[in-house]
Amino acid sequence: MYRFLLTPRWWGINVFVLLAIPFCIFMGSWQLSRFDARVEAHRSADKQVEAAKTEAARPLAELLPVDQSTSGQRATVTGRYGKQLLVPDRQVDGKNGFYVLTLLRTDSGKALPVVRGWLPGRADAAEVPAAPTGEVTVTGALQASETPGDNGVSNQGGLPSGQTAAISAASLVNLVSYPVYDAWITLDKADPGMTAVPATAPDNSGLDLKAFQNLGYTGEWFVFAGFVVFMWFRLLRREVEFARDAALGLGPDEEAETQQPTAV
């Protein structure tokens, strides 16, 4: 009854199933490993940010360019404050407000964006304490340039003069006449009258949408493997039924005749 399994058609079906199932299991396991890696990276990044708070600050030049290993590290740099900008719609401790961002012009000719602190409410330059004058040395957590639209960073345009949606070199070079470092720092201790902005974990190290997409893909691949097995058994059962009917002499024509009503 199962001799049909030796036909070329069923050889093709069986080979496809034997290849498809391991492939689906492999892809599902790979996506699961990607999710596990993101979970571990999230834990490591949080530990890195916490550990960096107790480490000695290093000169900015030693920590550039910013990557996952240097993001959150404490950096120190000397310069003079220049142009000041506000970054609206930023939250600290669940409250909405804005960052006070001031460009620190260094001897290298470049300016480093420094988040001097956070204030609650709508962005208003009149409420912002003036930046210190003269040469200053600042210390804070090094952060990578933000990408508009990612990790809660606004990508809105048309902001009033003196405001920027994202803290990134690409955005700031259009607002100042001098080069800007592709990085920024948030001060360990905010300037008087403001709240310090906590450092964040490096990009692509958190449990973001991409991480849970990996988890969703894991389920999809295992479902595909189960579907392949289900369809193989369904085709097998159907073929067995056809073979049994043929052995009893019941072909499609005979079945149709037996189902026709008898004329009265």
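Higher on the page you've got the structure.
Residues numbered from 1 in each chain as written. Predicted model: local features only at pLDDT ≥ 70, side-chain atom pairs only at ≥ 80, totals over all residues. Heavy atoms only, no water.

A.B. asks: Would you explain the overall build of the chain in this entry?
C.D. replies: In terms of helices and strands, the chain carries five helices and six strands. When its helices and strands are written in sequence order, the chain yields α-β-α-β-β-β-β-α-β-α-α. Going through the 264 residues of the chain one by one, you find that 35% of them count as buried. Taking the intrachain contacts of the chain between residues at least 6 apart in sequence as the baseline, contacts between residues at least 24 apart amount to 66%. (Helix = DSSP H or I, 4+ residues; strand = E, 2+ residues; numbered from the N terminus. Buried < 20%, exposed > 50% of the residue type's maximum accessible area, 1.4 Å probe, protein only. Contact = heavy atoms within 4.5 Å.)

A.B. asks: Would you mind showing me how to read the packing of aromatic side chains here?
C.D. replies: The relative placement of two aromatic rings is captured by the distance of their centres and the angle of their planes. Tallying each qualifying case throughout the model produces four aromatic pairs. On the basis of an interplanar angle of 80° and a centroid distance of 6.4 Å, the ring pair of Trp10 and Trp232 is categorised as edge-to-face. Taken as a pair, Trp10 in helix α1 (residues 8-52) and Trp232 in helix α4 (residues 209-247) lie far apart in primary sequence, 222 residues in all. Between the aromatic rings of Trp221 and Phe224, the centroid separation amounts to 5.6 Å while the plane-to-plane angle is 90°, which identifies the pairing as edge-to-face. With a gap of three residues between them, Trp221 and Phe224 both fall in helix α4, about one helical turn apart. Put simply, the rings of Trp10, Trp232 and Phe233 pair up and form one aromatic cluster. Cation over ring: Arg105 sits above Tyr178, and NZ or CZ is 3.9 Å from the ring centre. (Phe/Tyr/Trp six-rings, centres within 6.5 Å; stacked < 30°, edge-to-face > 60°. Lys NZ or Arg CZ within 6 Å of the ring centre and 35° of its normal.)

A.B. asks: What's the story with a nonpolar patch on the surface in this structure? I'm lost.
C.D. replies: A surface patch of nonpolar side chains, about 450 Å² in accessible area, is lined by Leu6, Trp11, Val15 and Leu19. Tracing the backbone through its elements, the reader meets Leu6 in the segment before α1. Leu6 gets classed as exposed once you look at its relative accessible area, which sits at 61%. (Patch = residues over 30% accessible without salt bridge, like charges linked within 9 Å, V, L, I, M, F, W, Y side chains within 5 Å. Areas by Shrake-Rupley, 256 points an atom, 1.4 Å probe, with all protein chains shown as cover. Salt bridge = Lys/Arg side-chain N within 4 Å of Asp/Glu carboxyl O.)

A.B. asks: Just to check I follow, could you spell out the environment of Pro129 for this structure?
C.D. replies: By secondary structure assignment, the location of Pro129 is in the loop between β4 (111-120) and β5 (135-144). Of the residues examined, Pro129 reaches a relative accessible area of 25% and is grouped as partly exposed. Placed 13 residues apart in sequence, Pro129 and Arg116 show a C-alpha to C-alpha distance of 9.8 Å.

A.B. asks: Please explain the pattern of salt bridges as it appears in this structure.
C.D. replies: Side-chain pairs of opposite charge can arise where the charged atoms are in close proximity. The final tally for this structure, using the stated rule, is six salt bridges. One salt bridge in this structure joins Arg58 and Glu62, with 3.5 Å as the shortest N-O distance. A relative accessible area of 34% means that Arg58 is categorised as partly exposed. Across the pair Glu146 and Arg90 runs a salt bridge whose closest N-O atoms are separated by 2.8 Å. In this pair, Glu146 sits in the loop between β5 and α3 (169-172) while Arg90 sits in strand β2 (residues 74-92), placing the two residues 56 residues apart along the sequence.

A.B. asks: Honestly, the side chain of Gln163 in this entry has me stumped. Any pointers?
C.D. replies: Note on placement: Gln163 falls in the loop between β5 and α3. Residues in contact with Gln163, not counting those within four places in the same chain, are Leu85, Leu86, Pro88, Ala123 and Leu175.

A.B. asks: I keep staring at the environment of Trp30 and nothing clicks. Help me out?
C.D. replies: Tracing the backbone through its elements, the reader meets Trp30 in helix α1. Note: C-alpha distance between Trp30 and Tyr217 (187 residues apart in sequence) is 9.6 Å.

A.B. asks: Honestly, the pairing of β4 in this entry has me stumped. Any pointers?
C.D. replies: Each regular strand shows side chains that alternate between the opposite faces of the sheet. Among the ten residues in β4, nine count as buried, and that is most of the element. Here nine bridges tie strand β3 (residues 95-105) to β4, and the two strands are oriented antiparallel to one another. Counted as the bridge partner of Val100 is Gly117 from β4. What sits between the antiparallel neighbours β3 and β4 is a turn of five residues, in which Gly109 has the positive phi angle 95°. Taken together, the two bridges between β4 and strand β6 (residues 183-187) define a ladder with parallel strand orientation. Across the sheet, Val114 pairs through a bridge with Ile185, a residue of β6. (Pairing = 2+ DSSP bridges.)

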